Amino acid sequence: MKADFHIWRGDASGGKFEMYSTEVAEGMVVLDAVHQIQAEQANDLAVRWNCKAGKCGSCSAEVNGLPKLMCMTRLSELPLDKPVLLQPLKAFPLIKDLVTDVSWNYSVKKKIKKFKPRAPDAKDGTWRMYQQDIDRVQEFRKCIECFLCQDVCHVLREHQLYDRFIGPRFLVYTAALEMHPLDIEDRMDDLKKANGIGYCNITKCCTSVCPEDITITDNAIIPLKERVADRFYDPVKRLFRLFRSK
Ligand code: F3S
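Residues numbered from 1 in each chain as written. Predicted model: local features only at pLDDT ≥ 70, side-chain atom pairs only at ≥ 80, totals over all residues. Heavy atoms only, no water.

### Some words on unusual backbone geometry
Non-glycine residue Gln160 carries a positive phi angle of around 55°. Looking at Gln160, the relative accessible area reads 52%, which means it is exposed. Backbone geometry places Asp213, a non-glycine residue, at a positive phi of 55°. Using a relative accessible area of 61% as the deciding quantity, one classes Asp213 as exposed. (Buried < 20%, exposed > 50% of the residue type's maximum accessible area, 1.4 Å probe, protein only.)

Below, the structure is given as structure tokens:
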């Protein structure tokens, strides 16, 4: 059967949706259809991809208005009686067609304080950790940096607070470091001020689009918010700090 695709074509100076019709078959994903259109009708169509297995996070785009990995979105999941709408991520500057410039994310990551392990427990220079503590951070390490969560978060997407909020991806990254059983670095001040954790109002949109099913809000962001609240707003701790500083 044939299916129609409305694909955004253009660059930072402007553009429009172009309609393409192509033959689709059982088992095809959106990226297959894009490649077919590229091969048959639009050789200059820009699309970023790499592994085609949901592990590199390159082919992020908006499919029928929702942030998705094109390689993991089966055509059979979509209503093909109307055109499939394909657009670049809205939260990042457009380079061309379906490709956006996500480099802001890499600059954010560089500013987060790195892993700082405590001294080894044993004479042979090794550490002891509880399995339950390791299990807790394992989930966060599944992130493939597709930036779909960054794209959907209204703080970046609508309010464009790029200078004040690091976004859900980097709150997950911070959580992986903060909850690591060996880490002794202190990131609370950064989380509250430079990284703007207070801007997250727990809409959970980030969790709903994560292709790795990371429970971003409940397991990463809320525990970090609790730590920040404990540090800066717990009245007993504040009093204690006041006396200590005298
Ligand atoms: Fe944004 Fe996720 Fe919070 S979408 S507002 S970071 S819960």
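Continuing now.
### What to know about the site of the ligand
Taken together, the residues surrounding the ligand are Cys153, His154, Pro168, Cys200, Asn201, Ile202, Thr203, Lys204, Cys205, Cys206, Thr217 and Ile221. Tallied by class, the residues present in the shell around the ligand amount to seven nonpolar, four polar and one charged. (Near = heavy atom within 4 Å. Nonpolar A, V, L, I, M, F, W, Y, C, P; charged D, E, K, R; others polar.)

### A short note on the packing of helix H6 (residues 168–178) against helix H9 (residues 216–233)
Close contact between H6 and H9 brings their axes to 9 Å; oriented N to C, the two are set at 70°. By the angle class used here, H6 and H9 are roughly perpendicular. Remark: the crossing between H6 and H9 carries left-handed chirality. Contacts between H6 and H9 involve Pro168, Leu171, Val172, Thr174, Ala175 and Glu178 from the first element and Ile216, Ala220, Ile221, Leu224 and Arg227 from the second. Across the contact of H6 with H9, the residue classes break down as eight nonpolar, one polar and two charged. (Axes fitted to C-alpha atoms, helices over the stretch in contact; angles between N-to-C directions. Helix = DSSP H or I, 4+ residues; strand = E, 2+ residues; numbered from the N terminus. Parallel < 35°, antiparallel > 145°, perpendicular 65-115°, else oblique. Left-handed = near helix turned anticlockwise from the far one by under 90°. Contact = heavy atoms within 4.5 Å.)

### Some words on the nonpolar core
One finds Phe5, Met70, Leu86 and Phe140 to be the most contacted residues of the largest nonpolar core, which totals 69 residues. At seven residues, the largest contribution of residues to this core is made by H6. Among all residues touching Phe5, those that are not within four sequence positions of it are Glu18, Met19, Tyr20, Thr22, Val24, Ala33, Ile37, Leu75, Val84 and Leu86. (Core = buried A, V, L, I, M, F, W, Y, C linked by side-chain atoms within 4.5 Å.)

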